[in-house]
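# Remarks on the overall topology
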Amino acid sequence: MEDLNVKIYADGAVLSDMLTAYEAGFVSGFTTNPSLMKKAGVKNYVTFAKEVVEKIPDLPLSFEVFADDFDTMEKEAEKIHSFGDNVFIKIPITNTKGESSIPLIRKLEDKGYSLNVTAILTIDQVEDTVAALNPEVDNIVSVFAGRIADTGRDPIPYMKKAVTICQSKKGAHLLWASSRELFNVYEADRLGVDIITCTPEIIAKLKKVGKPLERVSLDTVKGFNKDIQTLGYSIL
């Protein structure tokens, strides 16, 4: 793990999981989104966000706007920006009508806000986003490599091109989003991706890095045997 250059961000909205990852020192930042908040049962967005900022004051934190119209998004972005200096405002690349968020991104960049532009899946979207970013501000460009793979496409060529595009603009940090397995961390690192988001389940697997395969094999057989004893089945 010490040889990796890619930064690992934890993806989730369960505060206890976030604090466990923070205290373990495995991660360099945190991201959230509305779907994760729904899954975690977050009742009050602002209360949750402020508590996270209070307990994790020294690592990047990404909080997403909720609105679907750009005027309200801008107002929400102002509020999110006020949460703390380590906060990145997550702006989806389009709204639900497919209208581009680039004009809003430019407005927020002119104010010097750090953004995490999210839900990006095409190279055109990467190019448009990077072109709109302020080189004097740190920003995150989140390409959903896992969702690209979910469509049967190899995400590696997309991420290679995205690396080149982001490297052309100072302060543009490429993030591999929607990772599906631990090996994605190594794929992202090999390509020169700046950041990768990982679920708590993937982060937990970091402890297994380098484990001898013979040991993994034995542990797998022991797991099967434990379940067999629990089931109480008999073949003969």
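Quick caveat: nothing in here was measured; it's all calculated off a predicted structure.

## Quick look at the pattern of salt bridges
- Summed over the entire model, instances satisfying the criterion amount to eight salt bridges.
- When the shortest N-O distance is used, the salt bridge between E74 and K111 registers 3.1 Å. Within this pair, whereas E74 is found in helix 4 (residues 70–81), its partner K111 is found in the loop between helix 5 (102–110) and strand 5 (115–120), the two being separated by 37 residues in sequence.
- The buried category is assigned to E74, whose relative accessible area is 14%.

## Details of the packing of aromatic side chains
- The tally for this structure, following the rule as stated, stands at three aromatic pairs.
- Pairing Y45 with F66 gives two aromatic rings, centres 4.7 Å apart and planes at 75 degrees, and the pair type is edge-to-face. A residue pair is termed long-range when its members are at least 10 positions apart, and Y45 in helix 3 (residues 45–55) and F66 in the loop between strand 3 (61–64) and helix 4 qualify at 21 residues.
- Y45 gets classed as buried once you look at its relative accessible area, which sits at 17%.

## A closer look at the sheet that holds strand 5
- Pairing is parallel in the closed barrel, where eight strands are placed in the order 1-2-3-4-5-6-7-8. Averaged over all neighbouring strand pairs, the angle between strand axes comes to 30 degrees, with direction disregarded.
- Pairing of strand 5 with strand 6 (residues 139–143) involves three bridges; the strand directions are parallel. Residue pairing in the sheet places N116 in a bridge with I140 of strand 6.
- Packing of helix 6 (residues 123–132) onto the sheet brings it into contact with strand 5 and strand 6, and relative to strand 5 it is tilted by some 165 degrees.

## Some details on the nonpolar core
- Of all hydrophobic cores here, the largest spans 68 residues; its most connected members are F30, F63, I105, V143 and W176.
- Ranked by residues supplied to this core, first place goes to helix 8 (residues 155–167) with six residues.
- Contacts of V143, omitting those with residues within four sequence positions, involve I120, V126, I148, M159, A162, L174, L175, W176 and A177.
- In terms of nonpolar packing, the next biggest core, distinct from the first, is built from seven residues, F88, I140, F144 and A177 among them.

## Topic: the pairing of strand 7 (residues 172–176)
- Burial analysis of strand 7 places four of its five residues in the buried class, which makes it a mostly covered element.
- Where strand 6 lies against strand 7, five bridges are found, and the strand directions are parallel. Each residue of the ladder has a partner; that of I140, found in strand 7, is H173.
- The pairing of strand 7 with strand 8 (residues 195–198) spans two bridges and is classified as parallel. Opposite L175, over in strand 8, you have I195 as the bridge partner.
- Handedness of the strand 7-helix 9 (residues 183–191)-strand 8 crossover: right-handed.

## Topic: helix 3
- For helix 3, the set of buried residues is Y45, F48, A49, V52 and V53. The buried residues of helix 3 occupy an angular sector of 130 degrees when projected down its axis, which confines them to one face.
- The elements touched by buried residues of helix 3 are helix 1 (15–24), helix 2 (34–40), strand 3, helix 4 and strand 4 (87–92).
- Taking the backbone nitrogen of V46 as reference, a side-chain oxygen 3.2 Å away marks N44 as the first, capping residue of helix 3.

## Focus on the layout of surface pockets
- Estimated volume of the largest pocket: approximately 1,100 Å³.
- Breaking the lining of the largest pocket down by element, the ones donating at least two residues are strand 1 (7–11), helix 1, helix 2, strand 4, strand 5, strand 8 and helix 10 (200–205).
- Considering only residue class, the lining of the largest pocket consists of 25 nonpolar, 15 polar and 10 charged.

## Remarks on the pairing of strand 8
- Residues I195 and T197 point to one face of strand 8 and I196 and C198 to the other, with burial holding for every one of them.
- Two strands pair when backbone bridges link them, and strand 1 and strand 8 are joined in this way by four bridges, in the parallel orientation. Looking across to strand 8, one finds that A10 is bridged to C198.

Scoring rules and cut-offs
Residues numbered from 1 in each chain as written. Predicted model: local features only at pLDDT ≥ 70, side-chain atom pairs only at ≥ 80, totals over all residues. Heavy atoms only, no water. Salt bridge = Lys/Arg side-chain N within 4 Å of Asp/Glu carboxyl O. Helix = DSSP H or I, 4+ residues; strand = E, 2+ residues; numbered from the N terminus. Buried < 20%, exposed > 50% of the residue type's maximum accessible area, 1.4 Å probe, protein only. Phe/Tyr/Trp six-rings, centres within 6.5 Å; stacked < 30°, edge-to-face > 60°. Pairing = 2+ DSSP bridges. Axes fitted to C-alpha atoms, helices over the stretch in contact; angles between N-to-C directions. Contact = heavy atoms within 4.5 Å. Core = buried A, V, L, I, M, F, W, Y, C linked by side-chain atoms within 4.5 Å. Right-handed = clockwise from strand over helix to strand, strands pointing away. Arc of directions from axis to C-beta. Polar contact = N/O pair within 3.5 Å; in protein donor to acceptor, adjacent residues only side chain to side chain. 1 Å grid on protein atoms, 1.4 Å probe; cavity = no way out; pocket = protein on both sides within 12 Å on 5 of 7 lines; lining within 4 Å. Points joined across faces, edges and corners; volume = space filled by probe spheres on them. Nonpolar A, V, L, I, M, F, W, Y, C, P; charged D, E, K, R; others polar.

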